[in-house]
Amino acid sequence: MTPRHDANRAMSRHARAPAPAGPQPSARLARRSLLAALAALPWLPAAAQAQQPSAAQTRDAKSDSLTLIVPYAAGGPLDRTARPLVEASTAKLGAIQILYVPGDGGAKGSNMVAQATSQDRLLLMGAAATHAVLPWLQPQLGYDPLRDFQPLVLVARMPNVLVMRSDLARQWRIRTPLDLQRFLAKHRQPLRYASGGPGSSGHLSGEMYQMLTRLPLLHLPFGGTQPALSALLDGSADLLFDSLASSLPHIRAGRLQALAVTTLERAPLLPEVPSLNDTVQGFNMANWFGLFAPASWPAEQAQRHAAAFSQAMRSRPVQDTLSAMGVLPEELQLQEFARFVRSEHSKYGLLVQAARIRQL
C-alpha cells in the first residue's frame with residue numbers, strides 16, 4: 001500500500017521561496033555544494049510563567065547584577081538547563097537572575113544582548129535558531145550572530161529523532177533508515193513529513209534528507225511542534241523529525257517507531273536507535289544551546305565567566321538535568337565555541353539557500 005498525497009501537496013507550497021532573480025544552481029549542483037560543505041565542516045564527536053520584560057526589569061537587567069536572557073518562554077529546554085546552571089554558578093559569579101524575553105523566534109531577547117555594553121552585565125542563552133538559522137531567514141534580524149556576540153560556553157546538543165507511527169511502520173515494513181530509503185526509491189512518491197513550520201529544525205532536517213538522498217519528501221508545515229506531532233499521530237502525516245524529549249514518551253509507549261537520530265552519535269536515551277548518518281552520509285543536525293556575552297565584553301571578563309560556567313556544568317544537578325533531557329553535554333569554550341558557531345552558521349546558510357526556503 002502506498003501513501004496518499006494529492007490532497008496535501010498544496011500545503012507545502014508556502015514553505016519554499018520562489019526562485020530569486022538571476023541564474024540559479026541546478027538541484028544537482030546544489031546537492032554537490034552542500035555535500036562538499038558538509039564534508040569540510042568541523043563536526044563535533046560524539047517553571048516560572050513566561051513574561052515580557054517590563055521597563056523596571058529592563059533597567060534591572062542593565063545593572064551591576066548579572067542577568068541571563070532566555071529568548072524563549074519559560075519551561076523549554078533552554079530554561080530547564082539555565083536554572084541549575086545559574087544556581088551552580090553563583091558561588092563564583094554571585095547572584096544571577098533569569099529574564100525571559102520571548103518573541104520573534106528568539107531574536108527579541110538576542111537583540112537585547114547584542115546591543116548591550118560591557119557595563120550592562122547581560123548574557124544570552126542562545127541556540128542554533130538564534131545564531132545559525134534565523135540570520136538566514138530574517139533579513140531584518142537586527143543583530144549579526146558572529147560579530148555582536150562573544151561565545152562563552154557550548155552547553156549541550158539535543159538530537160532530533162526521525163519517527164513514524166508504529167502501525168504504519170509495520171504495514172510498510174519500515175524499521176530502519178535503509179528500509180525507508182528502499183521504500184521511497186521503490187514507490188517514488190513522497191512521504192509526508194510534518195514540521196513546526198518553515199525554517200524549523202524539523203523542516204531543515206527534511207530538506208537535508210532530500211538533498212543527501214535525492215529521495216522525495218512532501219513538507220507539511222504546522223504552527224508548532226505539538227501540532228506537527230499530533231498530525232503524525234492522527235495519520236495526517238507519515239514522518240516527523242522531532243525533538244527527542246517530545247517523541248520519547250510515544251516511542252516508549254509503542255505508538256511511534258524511532259528510525260534514527262539526527263546526530264553523528266547515538267542518543268543515550270535511545271542507544272538501540274542508529275544514527276541517520278550511518279546510511280545517509282553527511283547527515284548531522286542537532287538543536288544546540290550555549291552561553292553568549294556581548295561582543296563589548298573585555299577578554300578577561302569573558303574568560304572568567306566561561307571558566308565559571310564550565311565548572312558549573314560539571315555539577316551533579318546540571319548533569320542530571322541534561323541526562324534526563326536526553327541531550328549530549330558539551331564543554332567547548334571561547335574560541336572553540338566560536339569556531340563551532342561559525343561552522344553551524346555556514347552549514348544552515350548553505351541549506352536554506354540550496355532549498356530556497358522562504359524568508360520569514
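So, here's what we can say about the structure. Predicted model only: the values in this text are computed from it and were never measured. (Residues numbered from 1 in each chain as written. Predicted model: local features only at pLDDT ≥ 70, side-chain atom pairs only at ≥ 80, totals over all residues. Heavy atoms only, no water.)

Regarding the pattern of salt bridges
As enumerated under the stated definition, the model contains 9 salt bridges in all. In this structure, a network of salt bridges that share partners links the residues Arg-157, Glu-265 and Glu-330. (Salt bridge = Lys/Arg side-chain N within 4 Å of Asp/Glu carboxyl O.)

Quick notes on the environment of Ala-129
Within the secondary structure layout, Ala-129 lies in helix H5 (residues 128-137). Here Ala-129 falls in the partly exposed class, since its relative accessible area comes to 29%. Separated by 216 residues in the primary sequence, Ala-129 and His-345 have C-alpha atoms spaced 9.7 Å apart. Those residues in contact with Ala-129 that sit more than four places away from it in its chain are Tyr-72, Leu-134 and Pro-135. (Helix = DSSP H or I, 4+ residues; strand = E, 2+ residues; numbered from the N terminus. Buried < 20%, exposed > 50% of the residue type's maximum accessible area, 1.4 Å probe, protein only. Contact = heavy atoms within 4.5 Å.)

So, the layout of surface pockets
In this structure, the largest pocket spans a volume of roughly 1100 Å³. For the largest pocket, the lining is made up of 39 residues, of which Ala-129, Ser-200, Ser-201, Thr-225 and Asn-287 are closest to its centre. Elements that contribute at least two residues to the lining of the largest pocket include exactly helix H3 (77-93), H5, strand E4 (149-165), helix H8 (201-213), helix H9 (225-233), strand E7 (239-243), helix H10 (244-252) and strand E9 (286-294). For the lining of the largest pocket, the leading source of residues is H5, giving 5 residues. Across the lining of the largest pocket, the residue classes break down as 23 nonpolar, 14 polar and 2 charged. (1 Å grid on protein atoms, 1.4 Å probe; cavity = no way out; pocket = protein on both sides within 12 Å on 5 of 7 lines; lining within 4 Å. Points joined across faces, edges and corners; volume = space filled by probe spheres on them. Nonpolar A, V, L, I, M, F, W, Y, C, P; charged D, E, K, R; others polar.)

Considering the packing of H5 against helix H13 (residues 334-355)
Relative orientation of the contacting elements H5 and H13 amounts to 35°, with a least axis distance of 8 Å. Judged by the twist between their axes, the crossing of H5 over H13 is right-handed. Here H5 contributes His-131, Ala-132, Val-133, Pro-135, Trp-136 and Leu-137 to the contact with H13, which in turn contributes Val-341, Glu-344, His-345, Tyr-348, Gly-349, Val-352 and Gln-353. Here the residues of the contact of H5 with H13 sort into 8 nonpolar, 4 polar and 1 charged. (Axes fitted to C-alpha atoms, helices over the stretch in contact; angles between N-to-C directions. Left-handed = near helix turned anticlockwise from the far one by under 90°.)

With respect to unusual backbone geometry
One non-glycine residue, Asp-104, lies in positive phi territory at about 60°. Here Arg-356, not a glycine, exhibits a phi torsion of approximately 55°, which is positive. Structurally, Arg-356 is set in the segment after H13. Judged by relative accessible area, Arg-356 falls into the partly exposed class, the value being 28%.

With respect to the pairing of strand E8 (residues 256-261)
On any regular strand, side chains alternate: one points to one face of the sheet, the next to the other face. Across the 6 residues that make up E8, a large majority, 6, are buried. Pairing between E4 and E8: 5 bridges, direction antiparallel. Of the residues in E8, the one forming a bridge with Met-164 is Gln-257. (Pairing = 2+ DSSP bridges.)

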